[in-house]
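# Understanding the architecture of this molecule
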Amino acid sequence: MEILAVRGALPPHQHTQARITEAFQQVIARGQLDERVMQRFHANAGVDQRFLVLPIERYGELEDFGQANDLFIEHATALGAQALEDALKAADLTPTDVDQIICATVTGLAIPSLEARIASVVGLRPDVRRVPLVGLGCVAGAAGVARLHDYLLGHPDHVAVLVTVELCSLTVQRDDVSVPNLVASGLFGDGAAAVVATGSGRGGPASPRGQVEVLDSRSRLYPDSERTMGFDVSHRGLRIVLDAEVPTIVGRYIRDDVERFLADHGLTLDDVGFWVCHPGGPKVIDAVRDALGLDDHAVALTRESLARIGNLSSASVLHVLADTLRERPPEPGSHGLLMAMGPGFCSELVLLRATEHADQTEPSA
């Protein structure tokens, strides 16, 4: 499977972290929270600015889950459609070329699911195959790429797309002054991303070609970790579950997982030329770096993405992939590893290789 294009889409309301902190102090617990507590959590998030789907003053007006979810459906459909249209254009393909669409989200509920709504907006064929991925959270960007690969192995002449959309700001709980909610309110942002991929049997010499190909993937579900990360669903909406032990779990398992995966392909850590890591947060990035024995340069684009747009849950690792292809095009033939962690608690590893015909540079995501 070759990845033909990766594109990100961000909502229009851009704010510094300081501005968001100021505004959310009046939203969470209606201003009854000690301002210094939220300021400390937000300052330590590694985020300089974020993009929000609503004007910042609107968040104080959200009263219930139904209202927030209606806004999610409206804006997630539009933002996901934008990302997919941009990715198809970059791949020199049309909506009618798409045979399968996978759509991942964890920050809202939609029935019909988002990919059906996006298909209607973009103009995908009536016979397009639809696969919604709900509940995977931060790992879904990597898992979605892996599922594209699975599908295209069986349908090598097809085109498949992945769309991830997360509007994390709509899940912030106004009555929750717990540490997980305060951390989440300073870490997560809103955004979408899309990947266009094709199987090995499609087209001839004139067909669009990609910069990287997917060789294999591996999933790992960790024991006794269901309460590490996720959402509790209440009458007020999606209440964040976020255990402080996430970096510890990552540090405990990730090196062995990666080494075993690479060994099955005759590779070692030294054979990986580029790393595409999900920006889970400063401590998670540090845990990945230290566990794998990487230098700061290897995770620099991950850290820069966190600072520039925050953690976009499933969409984040795809933004990092787009940044990698644009800013540091990998050397043809070199191997890379795309990786993310999420609710379960789990990880997804995707082995990449830069294509020998990679002669184009991805424009800005």
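Residues numbered from 1 in each chain as written. Predicted model: local features only at pLDDT ≥ 70, side-chain atom pairs only at ≥ 80, totals over all residues. Heavy atoms only, no water.

A separate point is unusual backbone geometry. The omega torsion across isoleucine 111 and proline 112 is 5°, close enough to zero to call that bond cis. Mapped onto the secondary structure, proline 112 falls in the loop between β4 (100-105) and α4 (114-122). A cis amide bond, omega -15°, links glycine 344 with the succeeding residue phenylalanine 345. Of note in this structure, serine 313 is not a glycine but carries a positive phi near 55°. Relative accessible area serves as the criterion here: at 3%, serine 313 is assigned to the buried category. (Helix = DSSP H or I, 4+ residues; strand = E, 2+ residues; numbered from the N terminus. Buried < 20%, exposed > 50% of the residue type's maximum accessible area, 1.4 Å probe, protein only.)

Another point: the environment of leucine 337. Along the chain, the position of leucine 337 falls in strand β12 (residues 335-342). Of the residues examined, leucine 337 reaches a relative accessible area of 0% and is grouped as buried. For leucine 337, the residues in contact, after removing those within four places along its chain, are Val258, Phe261, Val272, Phe274, Trp275, Val276, Leu349, Val350 and Leu351. (Contact = heavy atoms within 4.5 Å.)

Pairing between strand β1 (residues 2-9) and strand β8 (residues 212-221): two bridges, direction antiparallel. Among the inter-strand pairings, glutamate 2 is bridged to a residue of β8, identified as glutamate 213. In terms of strand pairing, β8 meets strand β13 (residues 346-354) through nine bridges, oriented antiparallel. Looking at the pairing, aspartate 216 lines up with leucine 351 of β13. (Pairing = 2+ DSSP bridges.)

Right, let's get into the pattern of salt bridges. Summed over all chains, the structure comprises 24 salt bridges. In this structure, the salt-bridge partner of glutamate 348 is arginine 147, at a minimum N-O distance of 3.5 Å. Within this pair, whereas glutamate 348 is found in strand β13, its partner arginine 147 is found in helix α5 (residues 140-154), the two being separated by 201 residues in sequence. Classification of glutamate 348 by relative accessible area gives buried; the value is 5%. Judged by its relative accessible area of 28%, arginine 147 falls in the partly exposed class. (Salt bridge = Lys/Arg side-chain N within 4 Å of Asp/Glu carboxyl O.)

The subject of this paragraph is the packing of helix α3 (residues 65-90) against α4. Here α3 crosses α4 at 55°, and the two axes come no closer than 9 Å. Accordingly, the angle class assigned to the pair α3 and α4 is oblique. Where α3 crosses over α4, the handedness of that crossing is right-handed. Here Phe72, Ile73, Ala76, Thr77, Gly80, Ala81, Leu84, Glu85 and Leu88 of α3 lie close against α4, whose contacting residues are Leu114, Arg117, Ile118, Val121 and Val122. The class makeup of the residues in the contact of α3 with α4 is 10 nonpolar, two polar and two charged. (Axes fitted to C-alpha atoms, helices over the stretch in contact; angles between N-to-C directions. Parallel < 35°, antiparallel > 145°, perpendicular 65-115°, else oblique. Left-handed = near helix turned anticlockwise from the far one by under 90°. Nonpolar A, V, L, I, M, F, W, Y, C, P; charged D, E, K, R; others polar.)

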